[in-house]
Amino acid sequence: MRKVRWFAYPLAAALLTAAVPAPAQMSDPSGLGSGVPEIRAQISPRRSTMLASELPGKIDDLTVREGDRFKEGQKLVGFDCAPHRARLNKATAQQQAARKAYEVNSRLDKLGSVSTLELEAAAAQLSAAEAETAMTRIMVERCVVTAPFPGRVAEMKVRRYEYVSEGKELLEILDDHDLEVEMIVPSRWLVWLTPGNKFKVLIEETGKTFDAEVTRLSARIDPVSQSIKVFGKVASRPGELLAGMSGRAVFAVPN
């Protein structure tokens, strides 16, 4: 029986080898070729931010919706500012009264009809009134949220007529005219990878390949993964590129 098993094993192995097909070669629709280093890449905006409320209040105006474009300085969100304007009017009136009182005391001081203490008290009241007016004016200005740069609305966090607290996230915006390629590469690539290196990036969402160039490297290497973040720009950015698209970047390693 041992001899039968001895010759049966090679026969079974040969049959199994013949039955299993050879692994198919992966297709390369990008035409980038193989044998060169490639890494995951993502399209990200250089300028993006989450706008938040600087005061508590009710939203009475939303001029944009998700996906809309806007210009720098354009009004995006408006708050019900009636209470703050009323406080500003009150502070302005108090400032005017304090200024008149100080002017009267100044004239009396020249005539020697008022004490130095009374004059300094009038000056202090005027300074306090001016500070109150300035503070309430800032609150009125914060009733309108404007765009710090041109771009598009990525996500809306609030709705019109909603009451929000101070610090509440309002909307996320980004500048889609200034996009860059973001990658994490092995730190050992720093032997040859420098700003100005050319590479190609295949965007999966479009299936197209674009020429790109390394613009800058991160200032720190991750000691755990031994990797570094690298940024690049697409040479000619067509309109179909959107923030968040991803794909793969292929570099030509110098000899």
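Relevant structure appears above.
Just so it is clear, the structure is predicted and the values come from calculations on it, not from any experiment.

A. Quick peek at helix H2 (residues 82-110). Its 29 residues place the ends of H2 43 Å apart at the C-alpha level, agreeing with the 42 Å of an ideal helix rising 1.5 Å per residue. Inspection of H2 places His84, Leu88, Ala91, Gln95, Ala98 and Asn105 among the buried residues, and these make up the whole buried set. Lining the buried residues of H2 we find helix H3 (116-141). Downstream of H2 by one or two residues, glycine 112 has phi in the positive range, about 70°.

B. How the structure looks around the side chain of threonine 136. Along the chain, threonine 136 falls in helix H3. A polar contact is formed between the side chain of threonine 136 and the backbone oxygen of glutamate 132, at a distance of 3.0 Å. Here threonine 133 takes part through its backbone oxygen, which lies 2.9 Å from a polar atom of the side chain of threonine 136. Once residues within four sequence positions are removed from consideration, threonine 136 is found in contact with Arg87, Leu88 and Ala91.

C. Quick peek at the packing of H2 against H3. Here H2 crosses H3 at 160°, and the two axes come no closer than 8 Å. Compared by their axis directions, H2 and H3 come out roughly antiparallel. The chirality of how H2 crosses H3 is left-handed. Looking at the contact of H2 with H3 residue by residue, the classes come out as 12 nonpolar, 9 polar and 8 charged.

D. Structural view of the pairing of strand S11 (residues 198-203). The sheet contact formed by S11 and strand S12 (residues 208-222) spans 6 bridges and is antiparallel. The partner of valine 201 across the bridge, within S12, is phenylalanine 210. Judged from the 5 bridges that link them, S11 and strand S14 (residues 246-251) form a sheet pairing that is antiparallel. Bridge pairing in S14 places leucine 202 opposite arginine 248.

How each quantity is defined
Residues numbered from 1 in each chain as written. Predicted model: local features only at pLDDT ≥ 70, side-chain atom pairs only at ≥ 80, totals over all residues. Heavy atoms only, no water. Helix = DSSP H or I, 4+ residues; strand = E, 2+ residues; numbered from the N terminus. Expected span 1.5 Å × (residues − 1). Buried < 20%, exposed > 50% of the residue type's maximum accessible area, 1.4 Å probe, protein only. Contact = heavy atoms within 4.5 Å. Polar contact = N/O pair within 3.5 Å; in protein donor to acceptor, adjacent residues only side chain to side chain. Axes fitted to C-alpha atoms, helices over the stretch in contact; angles between N-to-C directions. Parallel < 35°, antiparallel > 145°, perpendicular 65-115°, else oblique. Left-handed = near helix turned anticlockwise from the far one by under 90°. Nonpolar A, V, L, I, M, F, W, Y, C, P; charged D, E, K, R; others polar. Pairing = 2+ DSSP bridges.

Everything listed here is a matter of coordinates, which is why it stays silent on function.
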